[in-house]
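Single-letter residue listing:
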Protein chains: 2
Amino acid sequence: MSDATRDIEALIALMSRLPGLGPRSARRAVLHLLKKRGQVMAPLAQAMAEVAATARECVSCGNIGTADICDICRDDRRATGEICVVEDVADLWAMERGQSFKGRYHVLGGTLSALDAVGPEDLRIPKLLSRVRDEGIAEVILALNATVDGQTTAHYIADALEGAGARVTSLAQGVPVGGELDYLDDGTIQAALRARKSV
Amino acid sequence: MSDATRDIEALIALMSRLPGLGPRSARRAVLHLLKKRGQVMAPLAQAMAEVAATARECVSCGNIGTADICDICRDDRRATGEICVVEDVADLWAMERGQSFKGRYHVLGGTLSALDAVGPEDLRIPKLLSRVRDEGIAEVILALNATVDGQTTAHYIADALEGAGARVTSLAQGVPVGGELDYLDDGTIQAALRARKSV
Ligand SMILES: [Zn+2]
Ligand SMILES: [Zn+2]
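Residues numbered from 1 in each chain as written. Chains lettered and ligands numbered in written order. Predicted model: local features only at pLDDT ≥ 70, side-chain atom pairs only at ≥ 80, totals over all residues. Heavy atoms only, no water.

Heads up, the rule is: UniProt positions are given in the numbering used here, feature names are shortened, and annotations may be inferred rather than shown by experiment.
For chain A, an unreviewed UniProt entry supplies the name Recombination protein RecR and the organism Albidovulum denitrificans. Quoted straight from UniProt, the Function (unreviewed entry) entry for chain A says "May play a role in DNA repair. It seems to be involved in an RecBC-independent recombinational process of DNA repair. It may act with RecF and RecO." Its UniProt record gives chain A a comment under Sequence similarities (unreviewed entry), which states: "Belongs to the RecR family."

What follows is the structure, encoded as structure tokens:
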């Protein structure tokens, strides 16, 4: 095998390590790129190199941007006294797509986990506590996943914030908008029933 | 939205145009890249830029490599007098993975299509005819897809090669190795039955 094929094979191998792309779909993606070398492949490589060189974590909230302090933390209109705590940047993006939260975020970078030996110092929990104090936060909204580790983490943070003067709330659990009962797991149905409201 | 977020959004948009990646999986892939900026994202951008800059189509067979004449066409051991005709580079790769064809290829770049107004001159058919003559080819193996357009193209090529002195064959149709009859379409079962062999 010559260098030519080796370069293309190496690219396929790198692509196949992306989540959602197996070896087969990585091959198809690379073939598509090879056919659109000028219009797609070169701009994609360029965009990727630029983001790789400039991306960094916000020192305040853990969001990913290209400056030490991210856009959201720099935006004064988002100093609403509310912090939404999420596990991951993906969850922050999901909240932003919802377009209803106007405050700032705090990205933990995971959840507490006895099994994986993840303690509060491994996450951004100490920084959260200092932000609540320093930024005069009135409400901390816990938007953690409804998993055992997510809920353990939520309880830990709620305890740690006791006496800090901020209200601690969490996202409501229930039936997703447009969700069909038939497809929901039992836990969701139980939670939705417990949290039922008058109509 | 600042430049930071715009760069990341632009990267997601470019990634989501790859086959097999929708907007959702493109976001997940970019997030993964953002978390592995040094180990994965920068090397991937680099590999992609290099391939984009060097990849080109072989002037003889249409395969993609990094030289005017591809590895397979340069390899004298592959001058077996056989040419395998495929629609696309993806099919060439699939044949090579099979590791049983030892000759050279000819990539048509599509199939004849009345609907899409694709004629013989739009494919590499004239070049195939001259290769069969100039390279002293004894057998042309048609490995075209079992679609209507693929089969129309196969017949066209077989007709065009009449009198050229090369035997024209095509891949056998039948039950895939390990394939369960239950999951096969009727056409495959019919073809396999027609081509049945004594055991
Ligand atoms: Zn921030
Ligand atoms: Zn070639």
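From this point, the narrative continues.
Remarks on the overall build of chain A
Stated formally: Here a helix means four or more residues in a row that DSSP labels H or I, a strand means two or more in a row labelled E, and each is numbered from the N terminus. In this treatment the radius of gyration is a C-alpha quantity, and the globule benchmark scales as 2.2 Å times the residue count to the 0.38 power. Remark: exposure states derive from per-residue accessible area (1.4 Å probe, protein chains only) relative to the maximum for the residue type, with buried under 20%, exposed over 50%, and partly exposed in between.
Looking only at helices and strands, one finds eight helices and six strands in chain A. Each helix and strand of chain A, placed in order from N terminus to C terminus, yields the pattern α-α-α-β-β-α-β-α-β-α-β-α-β-α. Over its C-alpha trace chain A gives a radius of gyration of 21 Å, far above what one expects of a compact globule, namely 16 Å for 199 residues. With the principal axes as the frame, chain A shows a C-alpha extent of 65 × 45 × 35 Å. For chain A, the proportion of its 199 residues judged to be buried stands at 42%.

Overview of the pattern of salt bridges
Residue and element names in this part refer to chain A. Put simply, the rule reads: Salt bridge, as applied in this entry: a Lys or Arg side-chain nitrogen positioned within 4 Å of an Asp or Glu carboxyl oxygen.
Scanning the model with the defined rule gives 18 salt bridges over all chains in all. The residue Arg133 makes a salt bridge to Asp134 at a minimum N-O spacing of 3.4 Å. You'll find Arg133 and Asp134 in the same group, each marked exposed.

Some remarks on the domain arrangement of chain A
Stated precisely, the cut-off is as follows: Domain delimitation follows an automatic or database domain assignment.
On domain assignment, one finds that chain A holds domain 1 (3-54) and domain 2 (76-170). Centre-to-centre separation of domain 1 of chain A and domain 2 of chain A, based on C-alpha positions: 36 Å.

Describing the nonpolar core
Counted only if it meets this: We call a set of buried residues a nonpolar core when its members are Ala, Val, Leu, Ile, Met, Phe, Trp, Tyr or Cys and they connect through side-chain atoms within 4.5 Å of each other. Any two residues whose heavy atoms approach within 4.5 Å at even a single point are treated as in contact.
Counting 78 residues, the largest nonpolar core has Met15(A), Met48(A), Met15(B), Leu34(B) and Met48(B) as the members making the most contacts within it. In this view, Met15(B) contacts Leu18(A), Leu44(A), Met48(A), Leu21(B), Ala26(B), Ala29(B), Val30(B) and Leu33(B); residues no more than four positions away in its chain are not counted.

What to know about the coordination of the zinc ion (ligand 2)
Residue and element names in this part refer to chain B. Applicable threshold: Each metal's donors are the N, O and S atoms found within 2.8 Å of it, except that Na, K and Ca use a 3.2 Å limit; water is left out, so coordination can look incomplete. In short, tetrahedral needs four donors with all angles between 85 and 135 degrees, square planar needs four and octahedral six donors with opposite donors over 155 degrees apart and all other angles between 65 and 115, and whatever is left is irregular.
Those donors, Cys58 (SG), Cys61 (SG), Cys70 (SG) and Cys73 (SG), are the protein atoms that reach the zinc ion (ligand 2), and they lie 2.3 Å from it. Taken together, the four donor atoms surrounding the zinc ion (ligand 2) define angles of 104 to 115 degrees at the centre, an arrangement classified as tetrahedral. Read in sequence order, the donor residues coordinating the zinc ion (ligand 2) give the pattern C-x2-C-x8-C-x2-C.

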